[in-house]
Amino acid sequence: MLVPPDMLAAQSKMVYQINKYYTEKVQTRKLQVSKTIQEVCRVVQDVLKEVEVQEPRFISSLTDYNGRYDGLEVISPIEFEVVIYLNQMGVLNFVDDGTLPGCAVLKLSDGRKRSMSLWVEFITASGYLSARKMRSRFQTLVAQACDKCSYRDSVKMIADTTEVKLRIRERFIVQITPAFKCAGLWPRSAAHWPLPQIPWPHPNLVVEVKTEGFDLLSKECISLQGKQSAMEGDAWMLSFVEAENRLLQGGCRKRCLSILKTLRDRHLDLIGNPVSSYHMKTLLLYECEKHPRESEWDEACIADRINGIFLQLISCLQCRRCPHYFVPNVDLFKGKSQSALENAAKQVWRLTREMLTNSRCFEKL
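Residues numbered from 1 in each chain as written. Predicted model: local features only at pLDDT ≥ 70, side-chain atom pairs only at ≥ 80, totals over all residues. Heavy atoms only, no water.

## Points about the overall build of the protein
Thinking step 1. In terms of regular secondary structure, the protein is built from eight helices and eleven strands.
Thinking step 2. Against the globule reference of 21 Å for 365 residues, the protein gives a C-alpha radius of gyration of 22 Å, in line with a compact fold.
Thinking step 3. Its C-alpha atoms put the protein at 75 × 50 × 40 Å along the principal axes.
Thinking step 4. Contacts in the protein between residues far apart in sequence, at least 24 positions, make up 69% of those at least 6 positions apart.
Thinking step 5. With the model as given, the accessible surface of the protein reaches about 17600 Å², and the carbon-plus-sulfur share is 52%.
Thinking step 6. Counting 50 positive and 42 negative side-chain charges, the protein places the centres of these two groups 2 Å from one another. (Helix = DSSP H or I, 4+ residues; strand = E, 2+ residues; numbered from the N terminus. Rg over C-alpha atoms; globule rule 2.2 N^0.38 Å. Contact = heavy atoms within 4.5 Å. Areas by Shrake-Rupley, 256 points an atom, 1.4 Å probe, with all protein chains shown as cover. Lys, Arg positive; Asp, Glu negative; His and termini not counted. Charge placed at Lys NZ, Arg CZ, Asp CG, Glu CD.)

This is the structure we're talking about:
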């Protein structure tokens, strides 16, 4: 197929613009974030070392692999989550029957085995390992560790939450979340994935992702709020961060995500936090399904993919619903105010119109 020369020229101009934006804005953000990570992780490692002295069951899994930290997730340039992986689910079975959207419970396989569990005092009378009880204990330990650690002057616990959150140097917020790694398992609530009629991802990649498994996090699950379920405090939240990262290998997918995060930080960091980096990542995964061919993820297509994702985002904000990629009955906009979502829809539309109509838009973004 012949492409008109002016169309080719516009396309190569856009590739140049995006590459320049990536070098000047995205790389600068990355550099700043990685500096912050080094600073934040030094403090968190020190706090967790103190926790471990008091309670050897909570062993820190936050280790540095050439500047990359296993279990660290960047929520925004000033907000981070550190997942601390606990040992030995052992005598507990994973139960995911769909009654708790986006969550699961861990239940003793046999009541008589209670005393064999490493986490015996957090097991309820019905035999469930309570995420809330464990988090409450962990919160107490972290509060004590903050008072003892060598960074005690620059680290404070955030008090008005059941989550374990630290404020570091009055600038950064770090949530520390106890978790279990569930490798080689795949939850029933995500059994529909991948959709049979969509040729992405490749079957080999699907096997890799499902072998990687998922995590169970001890954190407040927004999707359960208002359910008044007796299980709510015992439930563990499903997290697929590793699986999502594995799916975004190849082509310009990761580059695309970095650009989306930068655009989000610069233009969509709004009151009520209606649009997060995680929303961007989720919509990028849906875009991968819409454009399953690898050729649709080369450098020349990045602008089209970003526009597609922003149009999806407008649609989600207007419908006030953003389905989780692996567990679509979980709405990632739950708990966000209507006015925050409406305001975000207007902002995203302004940004999208600029990108669709101005070939030099990235000079100003």
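From this point, the discussion proceeds with the structure in view.
## Some remarks on the packing of aromatic side chains
Thinking step 1. Enumeration over the complete set of coordinates arrives at 15 aromatic pairs.
Thinking step 2. With a centroid separation of 6.1 Å and an interplanar angle of 35°, the aromatic rings of Phe-214 and Phe-240 are classed as tilted. Pair noted here: Phe-214 is in strand β10 (residues 214–217) and Phe-240 is in the loop between β11 (236–239) and α4 (241–247), with a separation of 26 residues, a long-range link.
Thinking step 3. Among the aromatic residues, those joined into a ring-pair cluster are Phe-94, Trp-186, Trp-193, Phe-214, Phe-240, Tyr-286, Tyr-325 and Phe-326.
Thinking step 4. In this structure, Lys-181 is placed above the aromatic ring of Tyr-85, and the distance from its NZ or CZ to the ring centre is 4.4 Å.
Thinking step 5. The aromatic ring of Trp-297 is capped on one face by Arg-305, whose charged end is 6.0 Å from the ring centroid. (Phe/Tyr/Trp six-rings, centres within 6.5 Å; stacked < 30°, edge-to-face > 60°. Lys NZ or Arg CZ within 6 Å of the ring centre and 35° of its normal.)

## Focus: empty space enclosed by the protein
If a probe as big as a water molecule is rolled over the atoms, it shows which places are left empty.
Thinking step 1. Evaluation of the coordinates by the stated rule reveals one cavity of 30 Å³ or more.
Thinking step 2. What the largest cavity holds in volume is close to 90 Å³.
Thinking step 3. At three residues, the largest contribution of residues to the lining of the largest cavity is made by helix α2 (residues 131–148).
Thinking step 4. Class assignment of the residues belonging to the lining of the largest cavity gives a composition of five nonpolar, one polar and five charged. (1 Å grid on protein atoms, 1.4 Å probe; cavity = no way out; pocket = protein on both sides within 12 Å on 5 of 7 lines; lining within 4 Å. Points joined across faces, edges and corners; volume = space filled by probe spheres on them. Nonpolar A, V, L, I, M, F, W, Y, C, P; charged D, E, K, R; others polar.)

## So, the packing of helix α5 (residues 253–267) against helix α7 (residues 302–319)
Thinking step 1. For the pair α5 and α7, interaxial distance at closest approach is 11 Å and the crossing angle is 50°. Comparing their axes, α7 and α5 come out oblique. Considering the relative orientation of α5 and α7, their crossing is right-handed. Each of Arg-255, Cys-256, Ile-259, Leu-260 and Leu-263 in α5 lies in contact with α7, whose residues at this interface are Ile-302, Arg-305, Ile-306, Ile-309 and Phe-310.
Thinking step 2. Partitioning the contact of α5 with α7 into residue classes produces eight nonpolar, no polar and two charged. (Axes fitted to C-alpha atoms, helices over the stretch in contact; angles between N-to-C directions. Parallel < 35°, antiparallel > 145°, perpendicular 65-115°, else oblique. Left-handed = near helix turned anticlockwise from the far one by under 90°.)

## Describing the pattern of salt bridges
Thinking step 1. Within this structure, the stated rule accounts for 23 salt bridges.
Thinking step 2. As a salt-bridge pair, Lys-281 and Glu-73 come within 3.9 Å of each other at their nearest N and O atoms. Taken together, the residues span a long stretch of sequence, with Lys-281 in helix α6 (residues 277–290) and Glu-73 in strand β3 (residues 72–76) at a distance of 208 residues.
Thinking step 3. Assessed through its relative accessible area of 6%, Lys-281 is described here as buried.
Thinking step 4. One salt bridge connects Glu-212 with Arg-246, and the closest N-O pair in it is separated by 2.5 Å. (Salt bridge = Lys/Arg side-chain N within 4 Å of Asp/Glu carboxyl O. Buried < 20%, exposed > 50% of the residue type's maximum accessible area, 1.4 Å probe, protein only.)

## Quick word on α6
Thinking step 1. Compared with the 20 Å implied by 1.5 Å per residue over 14 residues, the 20 Å span of α6 between its first and last C-alpha is a close match.
Thinking step 2. Within α6 the residues assigned to the buried category are Ser-277, His-279, Met-280, Lys-281, Thr-282, Leu-283, Leu-284, Leu-285, Tyr-286, Glu-287, Cys-288 and Glu-289.
Thinking step 3. On the buried face of α6, the contacting elements are β3, α4, α5 and α7. (Expected span 1.5 Å × (residues − 1).)

## Re the environment of Asp-215
Thinking step 1. Secondary-structure assignment places Asp-215 in strand β10.
Thinking step 2. Measuring from C-alpha to C-alpha, the distance between Asp-215 and Val-83 comes to 9.4 Å, with 132 residues separating the pair along the chain.
Thinking step 3. When residues no more than four places from it in sequence are discounted, the contact partners of Asp-215 are Tyr-85, Phe-180, Lys-181, Cys-182, Met-237, Leu-238 and Ser-239.
Thinking step 4. Within the structure, Asp-215 has its side chain in polar contact with the side chain of Tyr-85 (distance 2.6 Å). (Polar contact = N/O pair within 3.5 Å; in protein donor to acceptor, adjacent residues only side chain to side chain.)

## Considerations on the pairing of β10
Thinking step 1. Side chains Phe-214 and Leu-216 of β10 all project onto a buried face; the interleaved residues Asp-215 and Leu-217 project onto the opposite face, where all are buried too.
Thinking step 2. As judged from the four bridges shared by strand β9 (residues 172–182) and β10, these two strands associate in the antiparallel manner. Its bridge partner being in β10, Lys-181 is matched across the sheet by Asp-215.
Thinking step 3. In this structure, β10 lies alongside β11, joined through three bridges in antiparallel fashion. Note that in β11 the partner of Leu-216 across the bridge is Leu-238. (Pairing = 2+ DSSP bridges.)

## A closer look at the confidence of the model for the protein
Thinking step 1. Per-chain confidence: the protein averages 91 in pLDDT, with 95% of residues scoring 70 or above.
Thinking step 2. Across the protein, the secondary-structure element scoring lowest on mean pLDDT is strand β1 (residues 64–65), at 82, and the one scoring highest is α6, at 98. (pLDDT = per-residue confidence, 0-100.)

## Some points on the pairing of β3
Thinking step 1. Where β3 lies against strand β4 (residues 79–85), four bridges are found, and the strand directions are antiparallel. Bridge pairing links Val-74 to Phe-80 in β4.

## Comments concerning the nonpolar core
Thinking step 1. Leu-129, Ile-259, Phe-310, Phe-326 and Phe-362 are the most contacted members of the largest nonpolar core, which has 103 residues in total.
Thinking step 2. For this core, the leading source of residues is helix α1 (residues 5–54), giving 14 residues.
Thinking step 3. The contact partners of Phe-310, leaving out residues within four places of it in the chain, are Leu-260, Leu-263, Leu-268, Met-280, Val-348, Leu-351, Thr-352 and Met-355.
Thinking step 4. In terms of nonpolar packing, the next biggest core, distinct from the first, is built from six residues, Leu-100, Val-105, Tyr-128 and Cys-221 among them. (Core = buried A, V, L, I, M, F, W, Y, C linked by side-chain atoms within 4.5 Å.)

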